[in-house]
Amino acid sequence: MGEERSENKHGVVGRRVNRRDFAKTSVAAGAAVALPGTLRGEVAAEGKATEAAALPNYGRSHRPALPPDPGGYGGPDIEQEAGRRREPARHGYPGGWRERTTIPGEYYNDERHYLADERFIAENLWLYVDHQSRIPNPGDYFVFEFGRSESVIIVRSSDGEVRGFHNVCRHRGSRLCRHDADPTPGDPRLSVKQLGQSGSSPVFRCPYHAWTYDTDGNLIYAYGMQDDFDPADNGLVPCHLGTVEGSIFVNLSRAQEPPELDAAVAQMRALTERYGVADLTIAAREQYPIKANWKLALENFQECYHCGPSHQALSTTHHYDYEATPQQLAAQTAKVHAWVPEKARRDRQGGMDGMAGSDGSQYKPETSGHLNPGFVTGSLDGKPVAPLLPNIDAWNHETQNATTAHSTGYWQCYDDHVAIARFTPRDVNRTDCEIIWLVHPDAVEGRDYDPDNVKALWHVTIQEDIWITDNNHAGIRSDAYRSGRYSGAETGPAGFVKWYMSEVVTPGDH
């Protein structure tokens, strides 16, 4: 009998092989399952299973509204309190919470709330993962982790498409790829072989019983199975995946249809189109673990009320000053605009401030801004760190930023490089942060750029952010913590926690 081709609900085309041919293939493959040189390492530790009964009842029958777009570090977002009528507080929020105040400590510290948050995010949000240039060739892959136990293999398949599969063998559930950088066993006498957290391989082989999958997720080797075993029904479990302007996103919903991707990436898509982010290449990458709840990490990145006291380097580079009055800020802005070359001012006036994205969305004022006098890019000394990006023909002395709708992904664009930050919840008091820096695809390390110079500004800034966020979480664990009022410059986190209390904790009640 010949082979058939089938397409599953996720659009993955695979071979449907009958059991007789599969048995022959498995026997032939038996001697070759350890061929890829990267299949060496220890067995990865399994995450602990969590009982569903431990979760609070955050029942939901509809897709939630997306969190508000805060504008982030892009520029001032100062609320003019004087003369503004305050909205009446709504009643019925749990814990006595009131709008425009920080939320009760239990929503940062209680593991039950975290587990409910994790499930909500998996079902309803798209998570930024990485840039497609990380896996340029068929067989290139890396592992993305979310929450306490979710692990996804992101791979460039044989047809050149980017695909995502849960890092779980269909036999007895072992991890196929490890999560540490070095999978090599410490003792050379050990025979277990396993892929590491990234690399290149034509197959994914389970270290337990050697079940083997190709880069399309098809099961291509399993020995000793019964006559009624159908390999076509035992491929890797795919996850929802989308690629937008070079950025890879995943949704871990168990539903057949994921939430809408376009709405979550509208602002980011328009910005990255302008800077040609899809065609850039990765110049540097750094991991920054945060010892704080995911909500505190995002709240911190959605306001710059803290920038003056906490980020001297960033405030020296970017044009904003939250200690200035509106009149002083206007005078400072006039000085910056006077320094910016005429062509850049003209391009800005008719460009970013009024530029519509492909979906018709408009940039908000806080997503664009000029750098301070003497600075042409986001560097510690204001000097260029890489060649101009392909879509930029002259120094515009500006910076633009965008986020996904839920701010777990953050894009900061300069004329010569782009920094992308990813925030991923991992536990009640642990959040992964990773930043990648992109440069011109033809730029050569050592000749055109120094990775340390490209990283410097945001490498310093994120370490300061980690310091203050870790410290914030430590204080919130105290019994002395009480909900505090947000300032007029913290409309970003104020809107975020209102969304959290309305859509995540008490959906449909307000």
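Residues numbered from 1 in each chain as written. Predicted model: local features only at pLDDT ≥ 70, side-chain atom pairs only at ≥ 80, totals over all residues. Heavy atoms only, no water.

1. Brief notes about the overall build of the chain
Inference 1: Scanning the chain for helices and strands turns up 11 helices and 18 strands.
Inference 2: A burial count over the chain gives 53% of its 510 residues as buried.
Inference 3: Pairs at least 24 apart in sequence give 70% of the contacts found in the chain among residues at least 6 apart. (Helix = DSSP H or I, 4+ residues; strand = E, 2+ residues; numbered from the N terminus. Buried < 20%, exposed > 50% of the residue type's maximum accessible area, 1.4 Å probe, protein only. Contact = heavy atoms within 4.5 Å.)

2. Brief notes about the packing of helix α5 (residues 294-301) against helix α11 (residues 491-505)
Inference 1: Across the interface, α5 lies against α11 with an axial gap of 9 Å and an inter-helix angle of 145 degrees. Between α5 and α11, the residues in contact are W294, K295, L298 and E299 and P493, F496, V497 and Y500, respectively. (Axes fitted to C-alpha atoms, helices over the stretch in contact; angles between N-to-C directions.)

3. Section: the confidence of the model for the chain
Inference 1: The predicted model of the chain has a mean per-residue pLDDT of 80, with 71% of residues at 70 or higher.
Inference 2: Throughout residues 74-89 the model reports pLDDT below 50, and contacts reaching past four residues in sequence, or to other chains, amount to 36 contacts. (pLDDT = per-residue confidence, 0-100.)

4. Considering the nonpolar core
Soluble, globular proteins show a tendency: their nonpolar side chains are buried together.
Inference 1: By size, the foremost hydrophobic cluster in this structure holds 70 residues, and its most contacted members are I154, F423, W458 and Y500.
Inference 2: Sorting elements by how many residues they give to this core places α11 first, with 8 residues.
Inference 3: Residues in contact with F423, not counting those within four places in the same chain, are I290, A297, L298, F301, S407, T408, T431, D432, C433 and I462.
Inference 4: Ranked by size, the runner-up nonpolar core spans 22 residues in total, among them V265, A405, I420 and L438. (Core = buried A, V, L, I, M, F, W, Y, C linked by side-chain atoms within 4.5 Å.)

5. Focus on the environment of V444
Inference 1: If you trace the backbone, V444 turns up in the loop between β18 (430-439) and α10 (451-476).
Inference 2: We classify V444 as partly exposed; its relative accessible area is 37%.

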